Amino acid sequence: MSVLEIVLAALLLCQATMTLTWLIANRIDNYSIVDITWSVNFPLIALLLAANYVGSEFSSAVMALPVTIWGLRLGYHLYVRIRSHIEVEDGRYIALRQEYGARLKGRFYRFYTMQSVSNVLLAIPFFIQYANPQPHPSSIQIAGVVIWLIGTLGESIADKQLADFKSEPHNKGKVCNAGLWGWSRHPNYFFEFTIWIGFALTAYGLPYWPLAFLSPLIIWLLLLFVTGVPLNEKQNLESKGEAYRRYQEQTSKFFPLPPKRK
């Protein structure tokens, strides 16, 4: 398959999974489950590329294994979190319900379709590697895998620390500033960005490789200015008030830094 054909096949695959998710969301009346599908779509794209690879076995493994491990871990984490409060939709989607009004289902389907497009757009590093003939990795490509590993471990630790904090009944309504959360208000988002830097570096040196860095750039913009930090901080300020304002004053927003003294 040509690169164009594989991109179209990936888009159709993602749209199929999003359509199925939309049908389930309508049935259970919870549209936040799209986050799970968005995460799992990346391993599906990687496996589609690996099954039709025209490059070397090395490039196939470098692309498919990290993406599959990361996507399935994140998808499972989101599944556990969403399932624990399936009756209560995530605040972002409650806000969308209010915005969409009477045309709720149709507008959510368009929203889900845009998630499919974002899956394929962010997968640019994987498509660049699709026809990679190099039998051995370069030092920069190896560095990309190492950075991906650091990001995956960091994101896993941050998710675990927050989940452990929330599992304690006496922490209800309190601000988590333990571990990585004492150095960054959003360490999970920071390490998510780190993961995409790693993915981009694994495409370094290949034709059109600079385009691979569009993916971490888009992720950074989305997390810091659109759907990530702004909505999360708004919800925390509404639910935790002055405690979260003090946390904002003492703790870095994104990049992990030593906390400021009180």
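Here's what I pulled together on the structure shown here.

Definitions and cut-offs
- Within every chain, residues take consecutive numbers counted from 1 along the sequence as written.
- Under the rules for a predicted model, residues below a pLDDT of 70 receive no local features and side-chain atom pairs below 80 are neither given nor counted, while totals for whole chains, interfaces and linings still include all residues.
- Values shown for side chains rest on all heavy atoms present in the structure; no hydrogens or waters enter the calculation.
- What counts as a helix is a DSSP run of H or I of at least four residues, what counts as a strand is a run of E of at least two, and both are numbered from the N terminus.
- Values of the radius of gyration come from C-alpha atoms, whereas the globule rule sets the reference at 2.2 Å times the count of residues to the power 0.38.
- The contact definition used throughout considers only heavy atoms, calling two residues in contact when any of these lie within 4.5 Å.
- All accessibility values rest on the Shrake-Rupley procedure with a 1.4 Å probe; residue burial counts only the protein chains present in the view.
- When charges are tallied, Lys and Arg are placed among the positive residues and Asp and Glu among the negative ones, while His and the ends of the chain are skipped.
- We put the charge of a Lys on NZ, of an Arg on CZ, of an Asp on CG and of a Glu on CD.
- Here the aromatic set is Phe, Tyr and Trp, taking the six-membered ring for Trp, and pairing holds for ring centres within 6.5 Å; pairs whose planes are under 30 degrees apart are stacked, those over 60 apart are edge-to-face, and all others are tilted.
- Residue burial is assigned from relative accessible area. The probe radius is 1.4 Å, only protein chains are included, and a residue is buried under 20% of its type maximum, exposed over 50%, and partly exposed in between.

### Considering the overall build of the protein chain
Step number 1: When helices and strands are counted, the protein chain shows 11 helices and zero strands.
Step number 2: In the protein chain, the succession of helices and strands from N to C terminus is α-α-α-α-α-α-α-α-α-α-α.
Step number 3: Taken over C-alpha atoms, the radius of gyration comes to 19 Å for the protein chain, in line with the 18 Å a tight globule of 262 residues would show.
Step number 4: Taken over the C-alpha atoms alone, the protein chain extends approximately 55 × 50 × 25 Å along its principal axes.
Step number 5: For the protein chain, the share of sequence-separated contacts (at least 6 apart) that also reach a separation of at least 24 residues comes to 76%.
Step number 6: Total accessible area on the protein chain stands at roughly 13700 Å², and carbon and sulfur atoms take up 67% of it.
Step number 7: For the protein chain, the centre of its 23 positive side-chain charges and the centre of its 17 negative side-chain charges are spaced 6 Å apart.

### Considering the packing of aromatic side chains
Step number 1: Evaluated as defined, the whole model comprises 24 aromatic pairs.
Step number 2: Geometrically, the ring pair formed by Phe42 and Trp70 is tilted, given 5.4 Å between the ring centres and 50 degrees between the ring planes. Of this pair, Phe42 sits in helix H2 (residues 34-51) while Trp70 sits in helix H3 (residues 57-84), and the two are 28 residues apart along the sequence. As far as the burial class goes, Phe42 and Trp70 line up, both buried.
Step number 3: Consider the rings of Phe190 and Phe255, whose centres lie 5.7 Å apart with planes at 70 degrees: the pair is edge-to-face. Linking Phe190 in helix H8 (residues 187-201) with Phe255 in the segment after helix H11 (242-250), this pair joins segments that are 65 residues apart in sequence.

### Quick look at the environment of Leu201
Step number 1: Structurally, the position occupied by Leu201 is in helix H8.
Step number 2: Judged by its relative accessible area of 15%, Leu201 is buried.
Step number 3: For the pair Leu201 and Pro125, spaced 76 residues apart in sequence, the C-alpha separation works out to 8.3 Å.

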